[in-house]
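Here's the letter readout for the chains.
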Amino acid sequence: MIGLDSITETGGGEAASVLWTGRSGRRYLMEREREAGVAMAPSRLYALENNGVIGWAGTAEDLIGDHRAREKFRRLSAGGASMLSLVAPRDPLAVMTLVWDLEGSRRALGRAA
């Protein structure tokens with residue numbers, strides 16, 4: 001790492017971009033979605049972040065086809081999680097890899113010596 005926190009907000013208001021570091025160390029520029037009225041697009045991957053941890057990541061298709069993903073999404077949403085999104089890869093394996101990299105990743109509070 002180069003000393004940046006794993007989440008850095010840029011911009012202001014509702015259209016803020018978020019730089020998040022996945023479990024692999026790879027960085028992703030994500031957009032913070034508006035709190036109400038989010039229409040999930042099939043070409044995007046979404047993540048729910050609560051208290052500095054991504055608790056769910058996936059696509060709109062995951063919510064339709066997977067009851068466990070839907071339950072987890074609803075639970076986190078009801079708990080006040082913030083929604084982030086980025087363009088989803090076209091390859092299904094790349095989507096699964098990205099979900100693995102994001103889910104469970106934590107916001108780094110700083111760098112230890």
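The rules behind each value
- Residues numbered from 1 in each chain as written.
- Predicted model: local features only at pLDDT ≥ 70, side-chain atom pairs only at ≥ 80, totals over all residues.
- Heavy atoms only, no water.
- Helix = DSSP H or I, 4+ residues; strand = E, 2+ residues; numbered from the N terminus.
- Buried < 20%, exposed > 50% of the residue type's maximum accessible area, 1.4 Å probe, protein only.
- Contact = heavy atoms within 4.5 Å.
- Areas by Shrake-Rupley, 256 points an atom, 1.4 Å probe, with all protein chains shown as cover.
- Salt bridge = Lys/Arg side-chain N within 4 Å of Asp/Glu carboxyl O.
- Expected span 1.5 Å × (residues − 1).
- Arc of directions from axis to C-beta.

### Quick word on the overall build of the protein
Here comes step 1: Assigned secondary structure in the protein consists of 3 helices and 6 strands.
Here comes step 2: For the protein, the α and β elements follow one another from N to C terminus as β-β-β-β-β-α-α-β-α.
Here comes step 3: For the protein, the proportion of its 113 residues judged to be buried stands at 38%.
Here comes step 4: Restricting the contact set of the protein to residue pairs at least 6 apart, pairs at least 24 apart contribute 57%.
Here comes step 5: Surface exposure of the protein reaches about 7000 Å², of which carbon and sulfur atoms provide 54%.

### Regarding the environment of Leu 45
Here comes step 1: By the secondary structure assignment, Leu 45 is in strand S4 (residues 44-50).
Here comes step 2: We classify Leu 45 as buried; its relative accessible area is 0%.
Here comes step 3: Between the alpha carbons of Leu 45 and Gly 58 there is a distance of 5.5 Å; along the sequence they are 13 residues apart.
Here comes step 4: For Leu 45, the residues in contact, after removing those within four places along its chain, are Ala 57, Gly 58, Thr 59, Leu 84, Ser 85, Leu 86, Val 87, Ala 88, Val 95, Leu 98, Val 99 and Leu 102.

### So, the environment of Thr 97
Here comes step 1: With respect to the secondary-structure elements, Thr 97 resides in helix H3 (residues 92-102).
Here comes step 2: A relative accessible area of 45% places Thr 97 in the partly exposed class.

### Looking at the pattern of salt bridges
Side-chain pairs of opposite charge can arise whenever the charged atoms involved come near each other.
Here comes step 1: Evaluated as defined, the whole model comprises 3 salt bridges.
Here comes step 2: In this structure, the salt-bridge partner of Arg 32 is Glu 49, at a minimum N-O distance of 3.9 Å. A residue pair is termed long-range when its members are at least 10 positions apart, and Arg 32 in strand S3 (residues 27-32) and Glu 49 in strand S4 qualify at 17 residues. When sorted by exposure, Arg 32 lands in the same class as Glu 49, which is buried.
Here comes step 3: For the salt bridge of Arg 75 with Glu 71, the shortest nitrogen-to-oxygen distance reads 3.4 Å.

### With respect to helix H2 (residues 67-78)
Here comes step 1: If you check H2, its first and last C-alpha atoms are 16 Å apart, about what 12 residues at 1.5 Å a residue would give, namely 16 Å.
Here comes step 2: Every buried residue of H2 is listed here: Ala 69, Phe 73 and Leu 76. For H2, the buried positions fall inside an angular range of 70 degrees around the axis, keeping them on one side. The outward face of H2, more than 90 degrees from its buried face, is lined by the exposed residues His 67, Arg 68, Arg 74 and Ala 78.
Here comes step 3: Elements in contact with the buried residues of H2: S4, strand S5 (53-58), helix H1 (60-65) and strand S6 (82-87).

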